[in-house]
Amino acid sequence: MKLRWMSLVACLIGALLVVSISVAQFEDTGVRAEAQATVNYRAFPGTDSETLGQLEVGVSYAVLGQHELFPWVLLGNVADLHPIGWVFEDIVTITGNINSVPFVDTVVSANPATAMPIQSPVATGSNNATDSDSVTLTPTPPFNVAGTTFNQINIRYGPGVDYARVGVAEGGERFQIVGYHTQFPWVQIRYDASPTGTAWIQIDLLTIEGDIFTTTPVTTTVFNLPTLTPTPAVVQSAGGLSAASEEVSPELIGLGNQLFSLALSRGFDPETNQFGSLYLQDLETSQAIGYGADIAYSGTSVNKVVILVALYAVLNAPPREQLATDIANTMICSENASTNRVLEAVGNGDAWAGARQATSLLEALGIENTFLLSPYVVDPANPPIPPAPIPAPVTEANQSIAFPDPYNQATVQDLGGLMGAIYQCGYEDGGPLIDTFGANIFEPRECRQMLHVMSSNTVDGLLRAGVPETTRVAHKHGWINDTHMNAGVFFTEGGNYAVSMALHSNRVDVTGSRYVAFPDTLPVFATTSLQIYNFYNPDSTLEVPREGFIPEAPTCQFAGSPLIADLMQSTWDE
């Protein structure tokens, strides 16, 4: 998204007058920027703008200004506050309050006096810096021909997307170009991580400095990757809450690899800043597979399944009408005020205590990577405030890669395993819920009612779109800007199974916020679900997913409806 406007910026630059910079224009904001890798600084925001030089790695630069519309900052020398050029904000490390930096619209000239950075003196053993305290800078290697990446890209062993990936480059990385292909629009770069020390990048993904035709022409069309040390299988057995009754079948492992390949082909790759996780459990054998099981995501509204289970753990009788209505509003419409009232029912009038009790239930089940420690936000201007400080839990999951909510986290394995446990309680009179808490705490009727309310979910997209419209699917959806999730139990003629899936992106929009787009995620959810459905139903396969839909504003008017009457029954046999 951020790059969409870069070409437009380049077109506008020609119409801008080069401004003569006065040092007095700028004051020291106290905000600093450092480059962790080679970064170009430019005359104006935009990768098509003139390159004026390169930041030195580890050198502190003064942040003199920021652009009002684009995520670029104007840097200058710390010593004299002289501007040197603009850099893309996301590829430097900024310290200090960026909000204190003024908006500027300055075009920096290519005056040699402003093109070379000056490192501020560093004091050694004294608070007063002197000339003898300065540090000698190591210049960037003088590549005759180089290329800088626009955005995160794959680096390939050969000149084509069919060749194996040997690495990933982040936006703003600079590489020495040592060759070009005479038939394909690819350049060869120096790349130590490759088995041969070189690799390939498509020309269109780089800003080229110098003349590539002065490098070595390459005519070879076949590049055989040397035999490498095999890596562990991406898709492995994942028993979840229930141990598999036998070794995971080769057929199920094959399906898992097929599903992982699908995610890769749609741009959700764990080696990049857009990735996903999947958990699939066969509810007859308890065999399970998955990928990305160690990634913690923000629990979104899918963690409301945990609240539902915690509620039924404390109910001694079917819910009355108001509570049954809150259950429906929580699980179908994801209405947060209703959710918090359910948490209050769990916590004996205290929603914070209800969240803690829900997490304690998970811990008793052996689930340690999924938790909920706070009520849901109803009014963003007045978020819930804990009665006492709550430390963010540290788990064995990867709690950094997807930037999960510190108080509402989940892994797909935990959520899928919990969905499977509800099914086993309801239809097998056993499983982890009954084994851990007893049939007096979780009656099979209660578990069937939990699945019944989730079967009434009006969201027909996500995983639901990958099965026939008449298929019963008990599922919970949830999404925030950077994470889309879905977990459910699928009742099909060929077999019943539980699926949990999350798709996430660390890409940022023009405001600097991480986001993942529904046009990118919905087809992956639907096609993944379709392939699972076809695996279990080879005699009635689907060729393409249904279009599905997500209601723009689900109507939460369940009071007095047949669903509420169903939830209030002391017997339920669906």
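Calculation criteria
- Residues numbered from 1 in each chain as written.
- Predicted model: local features only at pLDDT ≥ 70, side-chain atom pairs only at ≥ 80, totals over all residues.
- Heavy atoms only, no water.
- Axes fitted to C-alpha atoms, helices over the stretch in contact; angles between N-to-C directions.
- Helix = DSSP H or I, 4+ residues; strand = E, 2+ residues; numbered from the N terminus.
- Parallel < 35°, antiparallel > 145°, perpendicular 65-115°, else oblique.
- Contact = heavy atoms within 4.5 Å.
- Nonpolar A, V, L, I, M, F, W, Y, C, P; charged D, E, K, R; others polar.
- Buried < 20%, exposed > 50% of the residue type's maximum accessible area, 1.4 Å probe, protein only.
- Pairing = 2+ DSSP bridges.
- Salt bridge = Lys/Arg side-chain N within 4 Å of Asp/Glu carboxyl O.
- Disulfide = S-S within 2.5 Å.
- Phe/Tyr/Trp six-rings, centres within 6.5 Å; stacked < 30°, edge-to-face > 60°.
- Lys NZ or Arg CZ within 6 Å of the ring centre and 35° of its normal.
- Core = buried A, V, L, I, M, F, W, Y, C linked by side-chain atoms within 4.5 Å.
- pLDDT = per-residue confidence, 0-100.

Turning our eyes to something else, we now look at the packing of helix α4 (residues 304-314) against helix α7 (residues 351-365). Packing of α4 against α7 leaves a shortest axis separation of 9 Å and a crossing angle of 90 degrees. Classified by the angle their axes make, α4 and α7 are roughly perpendicular. Note on element contacts: α7 touches α4 through Gln-357, Ala-358, Leu-361 and Leu-362, opposite Val-306, Val-309, Ala-310, Ala-313 and Val-314. Class assignment for the residues of the contact of α4 with α7 results in eight nonpolar, one polar and no charged.

Taking burial as the measure, the five residues of strand β12 (residues 186-190) include four buried ones, the bulk of the element. In this sheet, β12 lies alongside strand β11 (residues 174-181) in antiparallel orientation, the contact comprising three bridges. Bridging from a neighbouring strand, Tyr-180 pairs with Val-187 of β12. Remark: four residues form the turn of the hairpin made by β11 and β12, two consecutive strands paired antiparallel. Note that β12 and strand β13 (residues 198-202) share five bridges and pair antiparallel. The residue of β13 that forms the bridge with Ile-189 is Ala-199.

The next point concerns the side chain of His-452. Relative to the helices and strands, His-452 is located in helix α10 (residues 444-455). Taking the relative accessible area as the measure of exposure, His-452 reaches 9% and is therefore buried. Discounting chain neighbours no more than four positions away, the residues touching His-452 are Arg-472, Leu-563, Asp-566, Trp-572 and Glu-574.

Let us look at the pattern of salt bridges. Using the criterion set out here, one finds eight salt bridges in the structure. Linking Arg-165 and Asp-269 is a salt bridge whose minimum nitrogen-to-oxygen distance equals 2.2 Å. With Arg-165 in strand β10 (residues 165-169) and Asp-269 in the loop between α3 (250-265) and β17 (274-282), the pair connects residues that are 104 residues apart, well separated along the chain. Classification of Asp-269 as buried rests on a relative accessible area of 11%. Salt-bridge contacts for Asp-573 lead to Arg-448; the nearest nitrogen and oxygen are separated by 3.5 Å. On the criterion of sequence distance, the pair formed by Asp-573 in the segment after α12 (562-567) and Arg-448 in helix α10 is long-range, its members being 125 residues apart. The exposed category is assigned to Asp-573, whose relative accessible area is 67%.

Our focus in this paragraph is α4. Of all the eleven residues making up α4, nine are buried; the element is thus mostly covered by neighbouring parts of the structure. Among all positions in α4, only Lys-304, Val-305, Val-306, Ile-307, Leu-308, Val-309, Ala-310, Leu-311 and Tyr-312 are buried.

This part takes up unusual backbone geometry. Residues apart from glycine generally show negative phi values, whereas peptide bonds are mostly found in trans. One non-glycine residue with positive phi stands out, namely Ser-334, at about 55 degrees. Examined against the element boundaries, Ser-334 turns out to sit in the loop between α5 (321-332) and α6 (336-346). A relative accessible area of 15% places Ser-334 in the buried class.

This model, assessed by the stated rule, comprises one disulfide. One disulfide bridge connects Cys-425 with Cys-447, the sulfur atoms lying 2.0 Å from each other. What sets the handedness of the Cys-425 and Cys-447 disulfide is the S-S torsion sign, and at about 80 degrees it is right-handed. Residue Cys-425 is found in helix α8 (residues 412-427), and its partner Cys-447 is found in helix α10; the two are separated by 22 residues along the sequence. Summarising the burial analysis for this pair, Cys-425 and Cys-447 share the class buried.

The next point concerns the sheet that holds strand β20 (residues 371-372). Strand order across the open sheet formed by three strands is β19-β21-β20, with antiparallel pairing between neighbours. Looking at strand neighbours, the two that pair on one side only are β19 (297-298) and β20, the edges of this open sheet. With two bridges connecting them, β20 and strand β21 (residues 408-410) associate as antiparallel partners. Counterpart to Phe-371 in the pairing with β21 is Gln-409.

Here we come to the packing of aromatic side chains. With the rule as written, the count across this model stands at 13 aromatic pairs. Among the aromatic residues, those joined into a cluster by ring pairs are Phe-490, Tyr-497, Phe-535 and Tyr-536. A cation over a ring is seen here: Arg-472 above Phe-491, with NZ or CZ 4.3 Å from the ring centre. Residue placement shows Arg-514 over the ring face of Phe-403; its charged tip is 4.1 Å from the ring centre.

Okay, the nonpolar core next. Counting 64 residues, the largest nonpolar core has Ile-327, Ile-422, Leu-433, Phe-442, Val-453 and Met-454 as its most contacted members. Beyond its immediate sequence surroundings of up to four residues, Leu-433 is in contact with Val-309, Leu-365, Ala-421, Ile-422, Cys-425, Gly-438, Phe-442 and Cys-447.

Here the focus is the environment of Phe-88. Take Phe-88: it is sitting in strand β6 (residues 83-88). On the basis of relative accessibility, which here comes to 14%, the residue Phe-88 falls in the buried class. C-alpha separation for the pair Phe-88 and Val-73, spaced 15 residues apart in sequence, amounts to 6.6 Å.

Glancing now at the confidence of the model for the protein chain. Parts of the prediction with low pLDDT should not have their coordinates interpreted in detail. The predicted model of the protein chain has a mean per-residue pLDDT of 84, with 85% of residues at 70 or higher. Overall, residues 112-140 carries pLDDT values under 50, and its contacts beyond four positions in sequence, including any with other chains, amount to 39 contacts. Segment residues 228-233 is flagged for pLDDT under 50; beyond a separation of four residues in sequence, or across chains, it makes one contact in the model.

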